[in-house]
Amino acid sequence: MPAADRPVKAASTGDLAPRRARGNNRGPVTEPAAAPPLLQLHAVSRSLAGRAVLCELALELRRGEVLGLLGVNGAGKSTTLRVIAGVLAPDSGSVRLDGTDLYDAPERARRGIGYLPERAPLHAELSVSEYLGFCARLRGLDRAAARTAVAREIARCDLGEVQRRLVGQLSKGFQQRVGLAQALLHAPALVVLDEPASGLDPVQAVRMRELVRGLREQQGVILSTHQLAEAQAACDRVAILHGGRLCHIGAPDADLEARFLRIAAGAAEAA
Amino acid sequence: MSAAWLIARHDLRRMAVSVWPWALAAATLALLAYYFLLSLDGFLQLAPKLAGHADAPGVTDLVAVPVLRTLANLFLLLIPLLGMRAIAGERRAHSLVLLLGAGIGDAPIVLGKWLALWLYALALIALALAMPLSLAAGTTLDVGKLAAAGLGLALQAGALAALAVYASSLSDQPAFAAAIAVALNLLLTVIDAGARLQGVGNGLINYLALPTHLEPFFRGIVASVDALYFALLALLALGLATRRLGALRSLG
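Here we summarise the structure given alongside this text.

Cut-offs used in this document
Residues numbered from 1 in each chain as written. Chains lettered and ligands numbered in written order. Predicted model: local features only at pLDDT ≥ 70, side-chain atom pairs only at ≥ 80, totals over all residues. Heavy atoms only, no water. Salt bridge = Lys/Arg side-chain N within 4 Å of Asp/Glu carboxyl O. Buried < 20%, exposed > 50% of the residue type's maximum accessible area, 1.4 Å probe, protein only. Helix = DSSP H or I, 4+ residues; strand = E, 2+ residues; numbered from the N terminus. Contact = heavy atoms within 4.5 Å. Buried area = accessible area lost by both parts, 1.4 Å probe. Polar contact = N/O pair within 3.5 Å; in protein donor to acceptor, adjacent residues only side chain to side chain. Nonpolar A, V, L, I, M, F, W, Y, C, P; charged D, E, K, R; others polar. Pairing = 2+ DSSP bridges. Patch = residues over 30% accessible without salt bridge, like charges linked within 9 Å, V, L, I, M, F, W, Y side chains within 5 Å. Areas by Shrake-Rupley, 256 points an atom, 1.4 Å probe, with all protein chains shown as cover. Phe/Tyr/Trp six-rings, centres within 6.5 Å; stacked < 30°, edge-to-face > 60°. Axes fitted to C-alpha atoms, helices over the stretch in contact; angles between N-to-C directions. Parallel < 35°, antiparallel > 145°, perpendicular 65-115°, else oblique. Left-handed = near helix turned anticlockwise from the far one by under 90°. Core = buried A, V, L, I, M, F, W, Y, C linked by side-chain atoms within 4.5 Å.

Comments concerning the pattern of salt bridges
Point 1. Within the structure shown, the criterion is met by 20 salt bridges over all chains.
Point 2. The partner of R259 of chain A in a salt bridge is D255 of chain A, and the shortest N-O contact between them spans 3.7 Å.
Point 3. Residue classification places R259 of chain A among the buried residues on the basis of a relative accessible area of 12%.
Point 4. The shortest N-O distance in the salt bridge between R14 of chain B and E90 of chain B comes to 2.9 Å. You can see R14 of chain B sitting in helix 1 (residues 3–16) and its partner E90 of chain B sitting in helix 4 (residues 88–92), a full 76 residues away along the chain. Both residues of the pair, R14 of chain B and E90 of chain B, belong to the buried class.
Point 5. Salt bridges linked by common partners bring E125 of chain A together with D11, R14, E90 and K113 of chain B together as one network.

Laid out in structure tokens, this is it:
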């Protein structure tokens, strides 16, 4: 494995410096240099069923940035996102959101996170607007604010034509969009998306990518994906995970595919 | 609005648009109505013979209380069947993460689930009480005894609902969760059967049994020790369910 692709302990600050206008106005929104990272993972480890799934993982994300997690199956992408979303506690290490430890003040911190898991957490027996209304109230919005937020996300996620239909009767694409809408209702500072384009047709995938890009105007986004093209198109930086370790982090340049394949092949040889 | 009440209202709404809770309620009420009519018919045949006795049981003892006692027995099965999906169903549908990630803590989630289940049971109790109360137009009911029986049923339903929520937190298979809850209910019902056969009626094992604390309510006796038993049982089960939810967050 080339030196550049060996597991890295932490993201270098060079990688984290706000990058501006890398073409197509895709650079992250600039923020004052002194501002703490929106999200900071420090030496996070987690085992599941006796197997180390995350090993001393360190990551940082700034507001206005889209960070993609790439990796083969079992690399630890979903576990990383579950830890960040506050639904799975790490064995060791810390997760900080806006400087607050997620597991010291879990309830307050989770209000700042919108999470779309790999399988959207839907209530199939309710209509789209009913379900989103409940999600908004659950995140602490009052009745009027919830109504406004539901209308806003229905418009943003193109759900107007299905808002009165039962969630369980929608296509996979619409269900995924409902899942995304529930994650955005409370305007969280950090949006965590696990395989947001999974199961979508090419047109829906492009629309989802546009939605994700639109989020970075005000929020930080961390997403996982199998697809290199999606990572290159939607992300400002890409972190490649393998065996629960961070193997590479940087801009999604032209060398990304070769680097990803090298890491996967190197790990396979080691195994 | 508190998160627990929000979740309870949401779960009641989901029950209202699902077939399963309606089917269970319909079957239960049909069975109770049939039993009520049989009891009433039996009472009407017996009434002339009872008329001459000074302390003869009345319509409350011979019609109303047996109907409510039947509902108490049905609850041993009905509440687990309804409560099995409270947490296990959410886990199976991968929607528990919505609640776990909402920043509301584990206790309000458990409380909300319990409250929805209990309110459903209370609605059934109210409908069951309406059957004997309909006789008030033509006869005199012992309203105090009926109120005591209703209170006992409500307390029992609260404790059973808490046990069902706890059982539901133990598995991601709703059917398995229901089996655990039914087993717990039956255990609590017959736990002192052996002791009673031996003539022991006042030991610790008797205190642990559900019927020990429910029967006084059906006789019109409201004792704080009995109410406390149901409250403690519910608190214990809800506390265990909350711990279990926290463990789910840790275990993954």
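Structure's up, so let's keep going.
Observations regarding the interface of chain A and chain B
Point 1. On the side of chain B, 25 residues touch chain A, which itself brings 27 residues to the contact.
Point 2. Carbon and sulfur atoms make up 60% of the surface buried where chain A meets chain B, a total of about 2400 Å² over both sides.
Point 3. The tally of links between chain A and chain B comes to two salt bridges.
Point 4. At the boundary of chain A with chain B, the tally comes to 10 residue pairs in polar contact (both at pLDDT 80 or more).
Point 5. Of all elements in the fold, only strand 1 (39–48), helix 3 (106–110) and helix 4 (128–138) of chain A reach the threshold of two or more residues within the side of chain A that touches chain B.
Point 6. Residue contributions to the side of chain A that touches chain B peak at six residues, all from helix 4 of chain A.
Point 7. Looking at the side of chain A that touches chain B residue by residue, the classes come out as 13 nonpolar, three polar and 11 charged.

Remarks on the sheet that holds strand 4 (residues 92–97) of chain A
Hydrogen bonds between backbone atoms are what pair the strands of a sheet, whose relative direction is either parallel or antiparallel.
Residue and element names in this part refer to chain A.
Point 1. With antiparallel pairing, four strands are arranged side by side in an open sheet as 2-1-4-5. Looking at the sheet topology across the chains shown, the edges are occupied by strand 2 (51–61) and strand 5 (100–101).
Point 2. Of the strand pairs in this sheet, strand 1 and strand 2 are connected by seven bridges, and their pairing is antiparallel. When the sheet's bridge partners are listed, L48 is paired in strand 2 with R51.

Brief notes about a nonpolar patch on the surface
Residue and element names in this part refer to chain B.
Point 1. Taken together, the side chains of L228, L232 and L235 present a nonpolar region at the surface, about 300 Å² in accessible area.
Point 2. Tracing the chain through its elements places L228 in helix 12 (residues 224–251).
Point 3. Assessed through its relative accessible area of 46%, L228 is described here as partly exposed.

Points about the pairing of strand 4 of chain A
All names here are of chain A.
Point 1. Bridge analysis of strand 1 against strand 4 gives five bridges, and the strand direction is antiparallel. By the bridge assignment for strand 4, H42 is matched with S94.
Point 2. In this antiparallel pair of consecutive strands, strand 4 and strand 5, the connection spans two residues, and D98 shows a positive phi of 55°.

Digging into the packing of aromatic side chains
Residue and element names in this part refer to chain B.
Point 1. A full pass over the atoms with the stated rule returns four aromatic pairs over all chains.
Point 2. When the centroid spacing of 5.7 Å and the interplanar angle of 90° are considered together, the rings of Y207 and Y229 count as edge-to-face. With a gap of 22 residues between them, Y207 in helix 10 (residues 204–208) and Y229 in helix 12 connect regions that are remote in the sequence.
Point 3. By relative accessible area, Y207 is classed as partly exposed at 29%.
Point 4. Cluster of aromatic residues (ring-pair linked, three or more members): Y207, F217, Y229 and F230.

Here's the deal with unusual backbone geometry
Glycine aside, residues mostly have negative phi angles, and peptide bonds mostly take the trans form.
All names here are of chain A.
Point 1. A positive phi is found at D98, a non-glycine position, where the angle reads about 55°.
Point 2. Along the chain, D98 falls in the loop between strand 4 and strand 5.
Point 3. A positive phi angle is found at D158, which is not glycine, with a value near 55°.
Point 4. Checked against the element boundaries, D158 lands in the loop between helix 5 (143–156) and helix 6 (172–184).

Focus: the environment of L24 of chain B
Residue and element names in this part refer to chain B.
Point 1. Note on placement: L24 falls in helix 2 (residues 19–50).
Point 2. Among the residues examined, L24 registers a relative accessible area of 11% and is labelled buried.
Point 3. In this structure, the C-alpha to C-alpha distance between L24 and I79, residues 55 residues apart in sequence, is 9.7 Å.
Point 4. What L24 contacts, discounting residues up to four positions off in sequence, is L78, L81, L82 and Y120.

Here's the deal with helix 11 (residues 210–218) of chain B
Residues and elements named next belong to chain B.
Point 1. Buried within helix 11 we find L210, H213, L214, P216, F217 and F218.
Point 2. Contacts from the buried residues of helix 11 go to helix 3 (59–83), helix 7 (143–168), helix 8 (174–190), helix 10 and helix 12.
Point 3. Downstream of helix 11 by a residue or two, G220 has a phi angle that is positive, lying close to 90°.

Looking at the packing of helix 11 of chain B against helix 12 of chain B
Residue and element names in this part refer to chain B.
Point 1. Relative orientation of the contacting elements helix 11 and helix 12 amounts to 135°, with a least axis distance of 9 Å. What the angle tells us is that helix 11 and helix 12 run oblique. Here helix 11 and helix 12 pass one another in a crossing that is left-handed. Within the contact between the two elements, helix 11 uses L210, T212, H213, L214, P216 and F217 and helix 12 uses V225, D226, A227, Y229, F230 and L233.
Point 2. For the contact of helix 11 with helix 12, the per-class residue count stands at nine nonpolar, two polar and one charged.

With respect to the nonpolar core
Point 1. Judged by nonpolar contacts, the single largest core of 156 residues is most densely connected at L59, L132, L159, L190 and I222 of chain A together with F75 of chain B.
Point 2. Not counting residues within four places of it along the chain, the set of residues in contact with I222 of chain A comprises L39, L59, L61, L67, L69, L81, I84, L190, V191, V192 and L193 of chain A.

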